[in-house]
Amino acid sequence: MKKTQTKAGGKKDVRWIESAADEVGKRCDEITLHALDPKNMLSECFSLTRSVGFNEACSQFLIAIAESEFPADIVAARKPLERMKERVTQANQKISARLGDNRELLDGISCCEETFFKLLIEGDPSIHVIAKFAASHLTLIRIVLTAAMTNVRKQLENIEHNGEVKVHAFSFKALQQLLAAIRGRLADRAEALDFMRSLYNSGDPEFNSCHKVVDFVRTCKNAHNPYFNQCARIRSLVKTSAKKEVGGEDRVWRTFAQELKPSHAKSRKSKSHR
């Protein structure tokens, strides 16, 4: 992103808004360009890596709006903001064309975006309040964005693979676990397993094995990753549990990997019904 300029008193220059808007626009352009070739799988634009990048671009944009001189800076940046809206709309149209009749989720997202841009470009003060809230709760925003992009990716994959990919919505229970972590409540073992199962069942290639899920949670140190807070809390839980385990942390992580296996879950379910 371009180097930001500051006004007297430390306020960010309006060019920060323009730069942040352009960064979001570039992410949308990637989708639009990728979709030009019908042979390209559009789901590739919603991988975890790209989702994290899109999250970061959106986060910087929200921070720029939150810290702006509202509405003066919005008036000054109106043309770049209108261009950003066009780029977002173009990307949505390409995604919509690939989704066919299965557009309910995307239509909901598009409706929210249209309302946001309308109020933003009009300089409605409610947008400044929303941006300030979002900027102070970025982990929550990243979780919601990741959940939405994950669901869109799985819908696209299902179409691209002729219905052979199961489309499981990002579970409300998984969101509850993540929100609990944001509020600062230490995860217990059951919550940790629920969270890791939500990753395992997400359909993301990065999480297509129990060991990959455990390794991700164990090594996730990127604070910009939408799952960072929960992973950090689970690592804290493991560290505490390891004090009571022979074999230390390695044994706790191996136990998690074992309990994540579908066969283990079926075994527990069958026992509970006896």
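Residues numbered from 1 in each chain as written. Predicted model: local features only at pLDDT ≥ 70, side-chain atom pairs only at ≥ 80, totals over all residues. Heavy atoms only, no water.

Asker: Give a description of the nonpolar core that names residues and reports values.
Answerer: Residues Phe46, Phe61, Ile65, Leu81, Ile95 and Leu120 are the most contacted members of the largest nonpolar core, which totals 40 residues. Counting only elements with at least two residues in this core, the list comes to α1 (14-35), α2 (48-66), α4 (78-99), α5 (104-122), α6 (125-135) and α7 (138-160). Filtering out sequence-adjacent residues up to four positions away, isoleucine 95 remains in contact with Ile31, Leu42, Phe46, Leu106 and Val152. (Core = buried A, V, L, I, M, F, W, Y, C linked by side-chain atoms within 4.5 Å. Buried < 20%, exposed > 50% of the residue type's maximum accessible area, 1.4 Å probe, protein only. Helix = DSSP H or I, 4+ residues; strand = E, 2+ residues; numbered from the N terminus. Contact = heavy atoms within 4.5 Å.)

Asker: Would you mind going over the packing of aromatic side chains in detail, with residue names and values included?
Answerer: On inspection of all chains with the given rule, the structure shows seven aromatic pairs. Their ring planes at 65° and their centres at 6.4 Å tell us that phenylalanine 61 and phenylalanine 116 sit as a pair that is edge-to-face. Taken together, the positions of phenylalanine 61 in helix α2 and phenylalanine 116 in helix α5 put the pair 55 residues apart, joining distant regions of the chain. Side by side, phenylalanine 61 and phenylalanine 116 carry an identical accessibility label, which is buried. (Phe/Tyr/Trp six-rings, centres within 6.5 Å; stacked < 30°, edge-to-face > 60°.)

Asker: Describe α6, and please don't skip the residues or the numbers.
Answerer: Since there are 3.6 residues in each turn of an α-helix, residues three or four apart along the chain are aligned in direction. Ile127, His128, Ala131 and Ala134 are the residues of α6 that are buried. Along α6, the residues classed as buried sweep out an arc of 125° about the axis, all on the same side. Residues Pro125 and Val129 are exposed on α6 and point more than 90 degrees away from its buried face. Buried residues along α6 sit in contact with α2, α5 and α7. (Arc of directions from axis to C-beta.)

Asker: Provide a residue-level description of the pattern of salt bridges, including the pertinent values.
Answerer: Two side chains bearing opposite charge may form a pair once their charged atoms approach each other closely. As enumerated under the stated definition, the model contains nine salt bridges in all. For lysine 26, the salt bridge identified is with aspartate 22, shortest N-O distance 3.7 Å. One end of the pair is lysine 26 and the other is aspartate 22, both in helix α1 and four residues apart, which spans about a single turn. With a relative accessible area of 41%, lysine 26 lands in the partly exposed category. Residue glutamate 56 is joined to arginine 142 by a salt bridge in which the shortest nitrogen-to-oxygen separation is 3.3 Å. Of this pair, glutamate 56 sits in helix α2 while arginine 142 sits in helix α7; the two residues are 86 residues apart in sequence, bridging distant segments of the chain. Members of the salt-bridge network, linked through shared partners, are Asp22, Lys26, Asp29 and Arg87. (Salt bridge = Lys/Arg side-chain N within 4 Å of Asp/Glu carboxyl O.)

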